[in-house]
Amino acid sequence: MADYILALDQGTTSSRAILFDQEARIISQGQYEIKQSFPHPGWVEHDPEQIWETQLSAARDAVGKSGILPDQISAIGITNQRETAMVWDKFTGKPIYPAIVWQDRRTAGICEELKQKGFEEEISSKTGLVIDAYFSATKIAWILDHVEGARERAAKGELLAGTIDSWLIWKLTGGEVHATDVTNASRTMLFNLHFRAWDDSMLNALNIPRSILPEIKMSGGQFGTAKEHWFGAAIPISSVLGDQQAALFGHTCLEAGSAKNTYGTGCFILMNTGTEAVVSRHGLLTTVAWGIGDEMYYALEGSVFVAGAAIQWLQEGLGLIQEPASSEDKAREVEDSEGVVVVPAFTGLGAPYWDMYSRGAIFGLTRGTTAAHLVRATLESLAFQSRDVIGAMEKDAGMPLTELRVDGGAVRNDLLMQFQADILGSDVTRTDYSETTALGAALLAGLTSGIWTREQLLTFNKSERVFTPLMESEERERRYLAWQDAVSRTMGWEKH
């Protein structure tokens, strides 16, 4: 019986593939690193051919190690690094330029021109995004402008453009399908959330022909079939999701008000807002969570710039801990932070403050302050910053947080997770799976192909531990007010 799911997880630093069984358990996996290229300051590129070759090799490894027959795989689910964009030849399949990675800042000048032309409000209302080099649109425009003959070839219909999901779909289907899903489309700055289509005004503003862009499909749907020669059997592609949306689905945050926080170098927080595209008034992004059937589900997204990076700073910058994992033991040497507040605004502040001139600071130092107090206060800063973003989400969405599900390296720190629950006043659920992104792609593919029902999805990725708030509400608000006061004192520092 064909009831295995192959998830392809194409990330910024590696291509991974995981094979899941009918109980959503990991059977086997493969992984290969991706070479990062930095040709100029602020530029980040990937080789599209290497992305494809490593993803194919990872998938073949996962299938080969599993001991199952290829025709036992019922569907492929794809999840990918978002915003990274590329252009390739429609006939030869050769990229005309390297993929420009989401971190790349070369198109900041194009973004400034769009702002000067008065596009900010239009882009915000139509796409849910802000004008920034982070998104795909200006990357595609840059390639068309800087590769000789590209504009003419695009106008003649000789080129195709898209995000990494589109590239993988095109390669897997032997060039038969040029498609993307609504989550990836919603990160391009070209997708109209309200009409669920590429926006003519944005295409015209950047001179991008509609003909080179992929067809937009719902995230859970049919994206063609991977050719038999790749894996030994023809396998339908049944789901496509951007990585953060895949993590939200993998956490089974299927109800409005549920949210996930991925604690990495920074924090990526997404809250499901249901079938309504909520416009943010607090500097958050409105994005598509996923599309299933005729229904599109939306999310608010906010980022904490410095999370795990602050713990690295404790180790590498200050030498207060031997390794990130030892931060919990060090912090437990003291009962609390004794009024010390660390604001790790090393690169400014994001939502809801948006102050690029803010800089990091430590407040409340006394003669009795020790390394343990500083470590504890730094860990607490991750939770305070997450509350800042989640508070903005609650105000925008007009609904309270029902549960925060968490993943990422820092979630193994019990002290941090307990403090996160305390300062939010909400349960924080740490789940069994560390591979939540791949799981999300697999769960949606299994739902689409009829292996699982929606009710069954909720039985997967069970909680490993739930952290319940223990702090009194008065103490919670007192601590949070002290945090907000500290943040306000860091603002505009670089202007002094």
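Right, let's walk through the structure included here.

### Some points on the packing of aromatic side chains
- One pass over the full model with this rule turns up 14 aromatic pairs.
- Ring centres of Y134 and F135 lie 4.9 Å apart, and the angle between their planes is 45 degrees; this geometry places the pair in the tilted category.
- Ring centres of F191 and W198 lie 6.5 Å apart, and the angle between their planes is 80 degrees; on these two criteria the pair is classed as edge-to-face. You'll find F191 and W198 in the same group, each marked buried.
- Every member of this aromatic cluster is reached through a ring pair, and the members are W43, Y97 and W142.
- Over the aromatic face of W142 sits the side chain of R106, whose NZ or CZ is 4.6 Å from the ring centroid.
- Taking the ring centre of Y480 as reference, the NZ or CZ of R387 above it sits at 3.8 Å.

### Quick notes on the pairing of strand β14 (residues 235-242)
- Along β14, seven of the eight residues are buried, which leaves the element largely enclosed by surrounding structure.
- Sheet analysis places strand β5 (residues 73-80) next to β14, joined by five bridges and oriented parallel. Along β14, the bridge assignment pairs I76 with I237.
- Of the strand pairs in this sheet, strand β13 (residues 225-226) and β14 are connected by two bridges, and their pairing is antiparallel.

### Focus: the sheet that holds strand β3 (residues 26-33)
- Read across the open sheet, the six strands follow the order β3-β2-β1-β5-β14-β13; overall the sheet is mixed. Of all the strands in the sheet, the pair left with one neighbour each is β3 and β13.
- Most of the contacts of helix α1 (residues 48-66) go to β3, to which it runs at about 150 degrees, and overall it touches β1 (4-10), β2 (14-20), β3 and β5.
- Relative to β14, helix α15 (residues 436-448) is tilted by about 130 degrees, and along the sheet it contacts β1, β2, β5 and β14.

About the cut-offs
- Residues numbered from 1 in each chain as written.
- Predicted model: local features only at pLDDT ≥ 70, side-chain atom pairs only at ≥ 80, totals over all residues.
- Heavy atoms only, no water.
- Phe/Tyr/Trp six-rings, centres within 6.5 Å; stacked < 30°, edge-to-face > 60°.
- Buried < 20%, exposed > 50% of the residue type's maximum accessible area, 1.4 Å probe, protein only.
- Lys NZ or Arg CZ within 6 Å of the ring centre and 35° of its normal.
- Helix = DSSP H or I, 4+ residues; strand = E, 2+ residues; numbered from the N terminus.
- Pairing = 2+ DSSP bridges.
- Contact = heavy atoms within 4.5 Å.
- Axes fitted to C-alpha atoms, helices over the stretch in contact; angles between N-to-C directions.

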